[in-house]
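Residue-level listing of the chains:
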Amino acid sequence: MRRALELARQAWGRTHPNPMVGAVITEDGKIVAEGFHAGAGQPHAEVMALRALGRRPAPDAILHVTLEPCCTHGRTPPCVGAILAAGIRTVVVGARDPNPAHAGHGLELLRAKGVAVVEGVLGEECAGLNLIFNHWIVQGSPLIALKVASTLDGKLTLPAGQGRAITGPAAQAYVHRLRRLFPAIAVSADTALADNPRLTARGDEGESCPVRFVLDRRFKTAGRTGLNLFQDAHRTRTIVVGLGAVAKKSDLAWYEAEGVKVWTLVGDDGSFLDVWVERCAQEGITGVLVEAGPRLAAALLSAGTADYLYAFVAPRTGDPSAPSWHEGMTLPQGGLGTSLVGSEALYQGYLG
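Residues numbered from 1 in each chain as written. Predicted model: local features only at pLDDT ≥ 70, side-chain atom pairs only at ≥ 80, totals over all residues. Heavy atoms only, no water.

Trainee: I'd like to hear about helix α10 (residues 249–258), residue by residue, with values.
Mentor: For α10, the full list of buried residues reads Asp 251, Trp 254 and Tyr 255. Each buried residue of α10 lies within a common arc of 95 degrees when the element is viewed along its axis, so the set occupies one face. Those residues of α10 that are exposed and aimed more than 90 degrees away from the buried face are Lys 249, Ser 250, Glu 256 and Ala 257. Two residues or fewer past α10, Gly 259 is found with a positive phi of approximately 80 degrees. (Buried < 20%, exposed > 50% of the residue type's maximum accessible area, 1.4 Å probe, protein only. Helix = DSSP H or I, 4+ residues; strand = E, 2+ residues; numbered from the N terminus. Arc of directions from axis to C-beta.)

Trainee: Kindly report on the sheet that holds strand β4 (residues 90–95), identifying the contributing residues and their values.
Mentor: What the five strands build is an open sheet, ordered β2-β1-β3-β4-β5; its pairing is mixed. The open sheet terminates on both sides in strands that have one partner only, identified here as β2 (30–36) and β5 (116–118). The sheet shows a mean angle of 20 degrees between the axes of neighbouring strands, taken without regard to direction. Inspection of the sheet shows strand β1 (residues 22–27) paired to β2 by six bridges, in the antiparallel sense. (Pairing = 2+ DSSP bridges. Axes fitted to C-alpha atoms, helices over the stretch in contact; angles between N-to-C directions.)

Trainee: Talk me through the packing of aromatic side chains; I want residue IDs and the actual numbers.
Mentor: Inspection of every chain in the model, using the stated rule, returns 10 aromatic pairs. Taken together, the ring pairs in this structure connect Phe 182, Tyr 308, Tyr 310 and Tyr 350 into an aromatic cluster. Positioned above the aromatic ring of Trp 12 is the side chain of Arg 177, whose terminal nitrogen or guanidinium carbon lies 3.9 Å from the ring centre. Above the ring of Trp 263, the side-chain terminus of Arg 279 is found at 4.3 Å from the ring centroid. (Phe/Tyr/Trp six-rings, centres within 6.5 Å; stacked < 30°, edge-to-face > 60°. Lys NZ or Arg CZ within 6 Å of the ring centre and 35° of its normal.)

Trainee: Help me get a handle on the sheet that holds strand β16 (residues 344–350), residues and values and all.
Mentor: Reading across from one edge, β12-β11-β10-β7-β13-β6-β14-β16-β15 is the order of the nine strands in this open sheet, with mixed pairing throughout. Bordering the open sheet on either side are β12 (261–265) and β15 (337–341), each of which pairs with just one other strand. The sheet shows a mean angle of 20 degrees between the axes of neighbouring strands, direction not considered. Bridge count between strand β6 (residues 143–150) and strand β13 (residues 287–291): five bridges; the pairing is parallel. Bridge pairing in β13 links Ala 145 to Leu 289. Sheet strands in contact with helix α11 (residues 272–282) are β6, β7 (184–188), β10 (211–215), β11 (238–243), β12 and β13, and its direction is about 125 degrees off that of β12. Of the strands in this sheet, β6, β7, β10 and β13 are in contact with helix α12 (residues 294–303), which crosses β6 at around 140 degrees. (Contact = heavy atoms within 4.5 Å.)

Trainee: Summarise the pattern of salt bridges; cite the residues concerned and give the values.
Mentor: Evaluation of the coordinates by the stated rule reveals 16 salt bridges. Arg 212 is the salt-bridge partner of Asp 232, the closest N and O atoms lying 2.8 Å from each other. One end of the pair, Asp 232, is in the loop between α9 (228–231) and β11; the other, Arg 212, is in strand β10, and 20 residues separate them in sequence. Summarising the burial analysis for this pair, Asp 232 and Arg 212 share the class buried. The salt bridge involving Arg 279 is made with Glu 283; its shortest N-O contact spans 3.0 Å. Residue Arg 279 is classed as partly exposed on the basis of its relative accessible area of 24%. If you follow the salt bridges from partner to partner, you end up with Arg 2, Arg 9 and Glu 125 in one network. (Salt bridge = Lys/Arg side-chain N within 4 Å of Asp/Glu carboxyl O.)

Trainee: So what about the pairing of β6? Which residues, and what values?
Mentor: Counted residue by residue, β6 has eight buried out of eight residues, so it is predominantly covered. Burial along β6 is two-sided: the face carrying Leu 143, Ala 145, Lys 147 and Ala 149 and the face carrying Ile 144, Leu 146, Val 148 and Ser 150 are both buried. Examined bridge by bridge, β6 and strand β14 (residues 308–313) share six bridges and lie parallel to one another. In the sheet register, Ser 150 faces β14, and the bridge partner there is Val 313.

Trainee: An account of the nonpolar core is needed here, citing residue identities and associated values.
Mentor: By size, the foremost hydrophobic cluster in this structure holds 50 residues, and its most contacted members are Ile 25, Ile 88, Val 91, Phe 182 and Tyr 310. Filtering out sequence-adjacent residues up to four positions away, Phe 182 remains in contact with His 16, Ile 132, Leu 143, Ala 145, Pro 210, Gly 287, Val 288, Leu 289 and Tyr 310. In this structure, Leu 146, Val 148, Leu 273 and Val 290 belong to the second largest nonpolar core, which totals 34 residues. (Core = buried A, V, L, I, M, F, W, Y, C linked by side-chain atoms within 4.5 Å.)

Trainee: Give me unusual backbone geometry: which residues, what numbers.
Mentor: Cis geometry marks the peptide bond from His 16 to Pro 17; its omega dihedral reads 5 degrees. Tracing the backbone shows Pro 17 in the loop between α1 (2–9) and β1. Within the chain, Leu 122 stands out as a residue other than glycine whose phi angle is a positive 50 degrees. Along the chain, Leu 122 falls in the loop between β5 and α5 (123–128). Located in the positive-phi region is Asn 196, a residue other than glycine, with phi close to 50 degrees. Mapped onto the fold, Asn 196 is located in the loop between α8 (189–195) and β8 (201–203).

Next up, the structure:
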């Protein structure tokens, strides 16, 4: 199952709206074939592993798969049928399908045909692999993940003269991996103007660009030349989101001339975030990583819009005059997992 997880991660961030899934076939305790789901519309992991085997499985063959085999016909035929047709008699599963309408049904069909099924092997790790997919399937809305890089005292800026980067190389590399995972990233207009970010995922795999949102209720970024989000090679992946009631034709024309998309939302300041999330759902965007400054972080928390938190905390203190990103907010007690990423602590988990 650990090898199946490694295989699934080879498609990191490339399977939306589908889950990442890996599969391994063993005979006599040895791996003889393996596969993973490479992208939506392409064969599922179980089928890829069976194709890699290229022959009838041995009587003792075992299929290990990170997610319960599908049992309905979508863009591809159901994997349960492929498993039965191949003659596999034992299936080991990491996590069940999170869809309440399907959960366990594929396993029931296999058992009804005499297939031995073992569940829950590395179950938490297999389920956690598909955080975005699980939320999308169960809730019907995108996973909104708040990401902050803060000091011990909750500040998102450092004292004057200490630079801009709060976290070290390991945490920064981790964030680029998150950017590669999420189908979209969002920042506030204030962050776009102050930091001029690129919001691309960069690393050993090269550069990739998700959808990039600029949450700009009053379109104050209009006419601002020199911003990477509006002028780089990926500018057609940028979407400025604002309130339709305050949109000026001249501003909208400027964005159009730059090749930047605009969403004009119906609503007001109080409903802005919720209406944006609803539009994301309508557009099939399954998850958004929000790289927030203190004002946007506080707004997401107070409105209950953020579903998940990635908080990197560096062992240093921040600008004493700056606000804390969670000032006045009650965060989950004991509900967040903690790990070390380089010299930074990472607090991670569901909010609410």
